[in-house]
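# Summary of the model geometry
Below, each chain spelled out in residue letters.
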Amino acid sequence: EPEVTQTPSHQVTQMGQEVILRCVPISNHLYFYWYRQILGQKVEFLVSFYNNEISEKSEIFDDQFSVERPDGSNFTLKIRSTKLEDSAMYFCASKGAYNSPLHFGNGTRLTVT
Amino acid sequence: AQKITQTQPGMFVQEKEAVTLDCTYDTSDQSYGLFWYKQPSSGEMIFLIYQGSYDEQNATEGRYSLNFQKARKSANLVISASQLGDSAMYFCAMREAAAAGNKLTFGGGTRVLVKP
């Protein structure tokens, strides 16, 4: 069964550094998302992407964050200058149609020291 | 106001028994969808079941069923014949038709521990 893949599974970075989290959504999917989950807390929406542009972003998704779909298969989340509070599990998700459920990747655990 | 409320932070259930996880939602949309996801300790998010607001019958998927009470705005998940592998965090989520980006909004989750 096709799946969403995320790399790396765990990333450790120093405060102030840039990180890029990578995702390969399911190939025929059209809607792409990033969510994050701070340890033990709820899953929070960051951004949605459709038709090569951001369709919505949350208040968490400030100027330090950006997304790209550079080549038609990858979908990346960049954090320009990481802060301690960016430490969380970041999930990429995709879906093929409006009413379809989201298919999540296994997540990237980001630790900012 | 919270859009999705899961009032049970954690619960124990005996193996082979059924368990009901509560979920209430708040929306003014007529068209919306309700989802349940399972998150085992390994961290991945696994889709379990979906209920559309216009679906007249409660959704079922194997041992999972959704007790959808539209007037009460509740969408409780029932897991029948619990197994040890059901121990996990369970999240209720909603997609509103009017929500830009077609995003899901998640509740705070319920941690289930199945006892042998």
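Residues numbered from 1 in each chain as written. Chains lettered and ligands numbered in written order. Predicted model: local features only at pLDDT ≥ 70, side-chain atom pairs only at ≥ 80, totals over all residues. Heavy atoms only, no water.

### What to know about the overall build of chain B
Within chain B one finds zero helices and twelve strands. Reading the secondary structure of chain B in the N-to-C direction produces β-β-β-β-β-β-β-β-β-β-β-β. A compact globule built from 116 residues should have a C-alpha radius of gyration of about 13 Å, and chain B, at 14 Å, falls within 12% of that. Taken over the C-alpha atoms alone, chain B extends approximately 45 × 30 × 20 Å along its principal axes. Relative to its full complement of 116 residues, chain B shows a buried share of 49%. Here chain B displays about 5,400 Å² of accessible surface, and carbon together with sulfur accounts for 49% of that area. Taking the 11 positively charged and 11 negatively charged side chains of chain B as two groups, their mean positions are separated by 3 Å. (Helix = DSSP H or I, 4+ residues; strand = E, 2+ residues; numbered from the N terminus. Rg over C-alpha atoms; globule rule 2.2 N^0.38 Å. Buried < 20%, exposed > 50% of the residue type's maximum accessible area, 1.4 Å probe, protein only. Areas by Shrake-Rupley, 256 points an atom, 1.4 Å probe, with all protein chains shown as cover. Lys, Arg positive; Asp, Glu negative; His and termini not counted. Charge placed at Lys NZ, Arg CZ, Asp CG, Glu CD.)

### Considerations on the sheet that holds strand β8 (residues 75-79) of chain A
Residue and element names in this part refer to chain A. In space, the four strands of this open sheet follow the order β1-β3-β8-β7, with antiparallel pairing throughout. Strands at the two margins of the open sheet, each flanked by one partner only, are β1 (5-7) and β7 (65-68). Mean inter-strand twist for the sheet, computed between neighbouring axes without regard to direction, equals 20 degrees. Relative to β8, β7 runs antiparallel, the two sharing four bridges. Across the sheet, the residue bridging to phenylalanine 65 is isoleucine 79, located in β8. (Pairing = 2+ DSSP bridges. Axes fitted to C-alpha atoms, helices over the stretch in contact; angles between N-to-C directions.)

### Observations concerning the pairing of strand β8 (residues 64-69) of chain B
All names here are of chain B. Burial of the side chains of β8 is restricted to one face: Tyr64, Leu66 and Phe68 are buried, whereas none of Ser65, Asn67 and Gln69 on the reverse face is. Where strand β7 (residues 60-61) lies against β8, two bridges are found, and the strand directions are antiparallel. When the sheet's bridge partners are listed, threonine 60 is paired in β8 with serine 65. Hairpin geometry of β7 and β8 is characterised by an intervening segment of two residues between the two adjacent antiparallel strands and by a positive phi of about 60 degrees at glycine 62.

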